[in-house]
Amino acid sequence: MLVVTSLIDETANMVIRALGEHQVQVARIDPADIGAGLTFGGHIGDGHGSWSGQLVTPSRRVSLEEIGSVYYRRPSPFRSFAATEQARQFVITEARHGLSGLLRTLPSCRYVNHPAATERADFKVAQLEAAARVGMKIPQTLVTNDLDAARAFARKHDRIIYKSFRAVPTTPDGLVGAIWTQRVDPDDLDESVCVTAHMFQEEIPKSADARVTVVGDRVFASRITHPEGAIDWREGDWSKLLYDHIEVPDATRQALFAYLKDFSLVFGCFDFALEDRGSGEVWTFVECNPNGQWGWLPDYDAIARAFADVLLEGWWR
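So, here's what we can say about the structure. Everything quoted here is computed from the prediction, not taken from an experiment.

What the protein contains, in helices and strands, is seven helices and 16 strands. In summary, the protein has a C-alpha radius of gyration of 22 Å against a globular reference of 20 Å for 317 residues, a match within 12%. Dimensions along the principal axes, computed over C-alpha positions, put the protein at roughly 65 × 50 × 40 Å. Looking at the protein residue by residue over its 317 residues, the buried ones come to 44%. Sequence-distant contacts, at least 24 apart, represent 66% of the contacts inside the protein between residues at least 6 apart.

Written out as structure tokens, the structure is:
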């Protein structure tokens, strides 16, 4: 069993502990440790149609052929201490294509998730299209850098929100920022819209949110209520969030599995806006993080065991 992630990753630690209950051998590597902390060798040819070789860390020696499952979490970015920027970029690129290339092509291996599948499913534009295709309700959405189009979209809807595609990069001194999903005043739309891509959506008059974590064929769902009714529940003090178990409607549950299959994913963290219309709640797809966090959810222990189970299915094959 191979776990590919950074040194400090408590979410991965939960899964490793769950795997430990089954007495399986687990090797943990961070590709960024290439050098003294990680050496490797892979060969192919001479009648062999798949890669064979070894990964070697200070505490482990792993045969590529013996790896049955890979939990591909969040490895650190490749780094280099070469003297020039050109040399650094060359070293990083070569490591990514060589070592990461091997880690993506292990024979007869179950990936949770395969990094190529994660990358493909990481684009919110693709997520919305896939969600609609499998039958989920999605908000009306505009992706644009056209000011006139943005203003027209704002006029069409009572309220609109802006949502960034990715997290804000850290500053050179390591400070982390965030842009929360926020309501947009149409009068604030100006020429700055033209600078880059923006995603605007109709605002869903939600009463709560749902976080649905799917691992293999198991579904874990929590209703999340922000005491102040914030548009983005991630904003503010997480200790004040209210969690309740929620049942996923059958049609939505089937759509979740269809969505994961569409992207060749084994796992995904889905977010929904819940709208109370009296006769029942309407579930509107917000996004799916193909490598999302779940260690803070009330049922994190059960989720960790579900990860262990799907990884063991690949290991036992």
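On to the pattern of salt bridges, then. Applying the stated criterion across every chain yields a total of 17 salt bridges. Measuring nitrogen to oxygen at the nearest pair gives 3.8 Å for the salt bridge that ties Lys124 to Glu287. Placement of the pair is Lys124 in helix 4 (residues 124-133) and Glu287 in strand 16 (residues 281-289), with a sequence separation of 163 residues. For Lys124, a relative accessible area of 12% puts it in the buried group. By relative accessible area, which is 14% here, Glu287 ends up buried. Taking the shortest distance from any N to any O, the salt bridge between Glu129 and Arg133 comes out at 2.2 Å. Of this pair, Glu129 and Arg133 both sit in helix 4, four residues apart, which is roughly one turn of that helix. Relative accessible area serves as the criterion here: at 43%, Arg133 is assigned to the partly exposed category.

This part is about the sheet that holds strand 14 (residues 242-245). Ordered in space as 14-13-12-15-16, the five strands form an open sheet in which the pairing is antiparallel. Two strands in the sheet have a free side with no partner beyond their single neighbour: strand 14 and strand 16. The average angle at which neighbouring strand axes cross in this sheet is 30 degrees, direction not considered. Note that strand 12 (residues 208-215) and strand 13 (residues 218-225) share seven bridges and pair antiparallel. Looking at strand 13, one finds that Val214 is bridged to Val219.

Strand order in the open sheet formed by three strands is 3-4-5, and the pairing between neighbours is antiparallel. In this open sheet, the two edge strands, each paired with only one partner strand, are strand 3 (39-45) and strand 5 (61-63). With direction set aside, neighbouring strand axes in the sheet form an average angle of 10 degrees. Note that strand 4 (residues 48-56) and strand 5 share three bridges and pair antiparallel. Bridging across to strand 5, Leu55 finds its partner in Val62.

Moving on to unusual backbone geometry. Backbone torsion omega between Val112 and Asn113 reads -15 degrees, so that peptide bond is classified as cis. On the secondary structure map, Asn113 appears in the loop between strand 7 (110-112) and helix 3 (115-120). Phi is positive for Asp46, close to 55 degrees, though the residue is something other than glycine. Relative to the helices and strands, Asp46 is located in the loop between strand 3 and strand 4. For Asp46, a relative accessible area of 80% corresponds to the exposed category.

The relation between two aromatic rings is expressed through the spacing of the ring centres and the mutual angle of the planes. One pass over the full model with this rule turns up 12 aromatic pairs. Through a chain of ring-to-ring contacts, the aromatic side chains of Tyr259, Phe263, Phe270, Phe272, Trp283 and Phe285 assemble into a single cluster.

Glancing now at the pairing of strand 8 (residues 141-144). Only one face of strand 8 is covered, namely the face carrying Leu142 and Thr144; the face carrying Thr141 and Val143 is uncovered. Pairing of strand 8 with strand 11 (residues 198-202), which is carried by four bridges, proceeds in the antiparallel orientation. Considered in strand 11, the bridge of Thr141 is made with Gln201.

In this structure, Arg211 sits in strand 12. Arg211 has contacts with Phe220, Ala221, Ser222, Ile224, Trp233, Cys269, Phe270, Asp271, Gln293, Trp296 and Leu297, leaving out every residue within four places of it along the chain.

Turning our eyes to something else, we now look at the state of the cysteines. One pass over the full model with this rule turns up zero disulfides. Among the cysteines around Cys269, which has no disulfide bond, Cys288 carries the closest sulfur, lying 7.2 Å off. Judged by its relative accessible area of 1%, Cys269 falls in the buried class.

Glancing now at the side chain of Thr252. Among the secondary structure elements, Thr252 is positioned in helix 6 (residues 250-262). Leave out the neighbours within four places in its chain, and Thr252 touches Phe272 and Trp283.

Rules and cut-offs
- Residues numbered from 1 in each chain as written.
- Predicted model: local features only at pLDDT ≥ 70, side-chain atom pairs only at ≥ 80, totals over all residues.
- Heavy atoms only, no water.
- Helix = DSSP H or I, 4+ residues; strand = E, 2+ residues; numbered from the N terminus.
- Rg over C-alpha atoms; globule rule 2.2 N^0.38 Å.
- Buried < 20%, exposed > 50% of the residue type's maximum accessible area, 1.4 Å probe, protein only.
- Contact = heavy atoms within 4.5 Å.
- Salt bridge = Lys/Arg side-chain N within 4 Å of Asp/Glu carboxyl O.
- Pairing = 2+ DSSP bridges.
- Axes fitted to C-alpha atoms, helices over the stretch in contact; angles between N-to-C directions.
- Phe/Tyr/Trp six-rings, centres within 6.5 Å; stacked < 30°, edge-to-face > 60°.
- Disulfide = S-S within 2.5 Å.

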